[in-house]
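# Geometric and topological summary
The primary structure of each chain is shown beneath.
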Amino acid sequence: MSKAISSTEILNEEDIQVIDYDLGPEEGIADHDQVCVSQANKLLQIGYLEYETAVYGSAYCSRDGEINYYISAKEDTMDKFLCNCYQQNIYPTPAKYFFKRYDLVNDTEEEIKTRFRLETARKLKAAYPPIVFEALQALTANDCANNAFPIMQELTEQLDSCFDLNQLHLFGNLTEMLFRGRLLTKESYILLNQWLAKEYEKISVEPIASGDYRRTYSGFAYKKNDGQIKYFIDAFPYMAKEKQVHFISQGYIVTPILSITYYADSFNNLQKSSRDVFQEEMQKYIGETYIKLMALLRQLPPGVNNDLFLSYYEKIKATGSKQAIETFLYYGYLWNVTF
């Protein structure tokens, strides 16, 4: 379930009285493991075990000027929301993952979820003062340039009929980055994605049995200001996304995110872990050559008014909000602003 919460919405809470509980297993359960699961569920219900809830949150300013907070329990739903915002020329704050543990003594799971969503919206409200959204709207009011399109066109020629899913995924993620960076127009963004869809159609993938073992890794390469090239890897995609935002805000040259899923029968060499294999794949796909491509794209003219950005940056710095400053710097480096 996803919901946009306005800054004026208020939660009305009701006390739930707990009277009696039976900790025995459900009637008819004889298997020992099932008994344990049944009793654990009952302990969870009465608050003896903590209940954990988690959401992804983002703040944005709607077309009518109201600041809203989009909260979703699903990562892919949040990703779709962000993409939809950019296509409408709305620049939301990068998605952030929030989680908290509660007991269930006085509240139901649904009441806790509702309360936590509003707590998350309040945290976002505290982190992002109105000047942030004023700045984002002012800077993106004009049409963006299309400076990255010739490079992306050349890349499509190199990748045409490559039949490599990893290369195509990277191309799609790079297209998203450049569109958010206002280095591609919406028309070019659509055109590049149409080409990508046709390349995907050329690849026929038959479903295979994955077995019991399945592990997905996500990561990216980055070049620090001192010239060092490093790699970030995590088994949770949202961690890679948050770290990518952080590194971009530091002024590092950062590649798109590469994600690969490994199955039990993916390995011919059992001496190597899936993480080791992924590390090798990263060096193959997003190593020094890809870093050079990102450095070339960084040299393109800025996608917003440079002086106006720096003027707003001073105002946002004055708020003292670390999260607001990082988000504004993230967009600044995406937009190729010169500091």
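Computed from a prediction, not measured in an experiment: that's the story for all the values here.

### Details of the overall build of the protein
Within the protein one finds 12 helices and 8 strands. Counting only residues that meet the buried cut, the protein has 44% of its 339 residues in that class. Across the protein, the fraction of contacts at a sequence separation of at least 24, relative to all contacts at a separation of at least 6, is 73%. Carbon and sulfur atoms provide 48% of the accessible area of the protein, an area that totals close to 18,600 Å².

### Looking at the pattern of salt bridges
Enumeration over the complete set of coordinates arrives at 8 salt bridges. Residues K202 and E199 are paired through a salt bridge, measuring 2.8 Å at the closest nitrogen-oxygen approach. Of the two residues, K202 and E199 both sit in helix 7 (residues 186-202), 3 residues apart, roughly one turn of that helix. A salt bridge links E314 to K317; its shortest N-O distance comes to 3.7 Å. Here the residue E314 and the residue K317 both occupy positions in helix 11 (residues 306-319), the gap between them amounting to 3 residues, near one helical turn. On the accessibility criterion, E314 (46% relative accessible area) is partly exposed.

### Things to note about the confidence of the model for the protein
Residue-level pLDDT values for the protein average 86, and 80% of them are 70 or greater. Confidence drops under a pLDDT of 50 for residues 10-25, and excluding neighbours within four residues, the segment shows 22 contacts in the predicted structure.

### Brief notes about the packing of aromatic side chains
For the coordinates displayed, the defined rule picks out 28 aromatic pairs. When the centroid spacing of 4.8 Å and the interplanar angle of 40° are considered together, the rings of Y333 and F339 count as tilted. On the basis of relative accessible area, F339 is assigned to the partly exposed category, the value being 43%. Taken together, the ring pairs connect Y86, Y91, F309, Y313, F328, Y330, Y331, Y333, W335 and F339 into an aromatic cluster. If you follow K315 out to its NZ or CZ, it ends over the ring of Y312, 5.1 Å from the centre.

### Describing the environment of N225
Residue placement: N225 occurs in the loop between strand 5 (214-223) and strand 6 (229-234). The exposure class assigned to N225 is exposed, which follows from its relative accessible area of 61%. Taking the C-alpha atoms as reference points, N225 and Q250, separated by 25 residues in sequence, lie 8.8 Å from one another. In this structure, N225 is in contact with Q250, G251 and Y252, ignoring residues within four places of it in sequence.

### A closer look at the packing of helix 4 (residues 130-139) against helix 11
When two helices pack together, their arrangement is given by the angle between their axes and by how far apart the axes lie. Close contact between helix 4 and helix 11 brings their axes to 10 Å; oriented N to C, the two are set at 170°. When the interaxial angle is binned, helix 4 and helix 11 end up roughly antiparallel. The residues of helix 11 that touch helix 4, namely those facing I131, V132, E134, A135, A138 and L139, are L308, F309, Y312, K315, I316 and T319. Looking at the contact of helix 4 with helix 11 residue by residue, the class counts come to 9 nonpolar, 1 polar and 2 charged.

Quick notes on the rules
Residues numbered from 1 in each chain as written. Predicted model: local features only at pLDDT ≥ 70, side-chain atom pairs only at ≥ 80, totals over all residues. Heavy atoms only, no water. Helix = DSSP H or I, 4+ residues; strand = E, 2+ residues; numbered from the N terminus. Buried < 20%, exposed > 50% of the residue type's maximum accessible area, 1.4 Å probe, protein only. Contact = heavy atoms within 4.5 Å. Areas by Shrake-Rupley, 256 points an atom, 1.4 Å probe, with all protein chains shown as cover. Salt bridge = Lys/Arg side-chain N within 4 Å of Asp/Glu carboxyl O. pLDDT = per-residue confidence, 0-100. Phe/Tyr/Trp six-rings, centres within 6.5 Å; stacked < 30°, edge-to-face > 60°. Lys NZ or Arg CZ within 6 Å of the ring centre and 35° of its normal. Axes fitted to C-alpha atoms, helices over the stretch in contact; angles between N-to-C directions. Parallel < 35°, antiparallel > 145°, perpendicular 65-115°, else oblique. Nonpolar A, V, L, I, M, F, W, Y, C, P; charged D, E, K, R; others polar.

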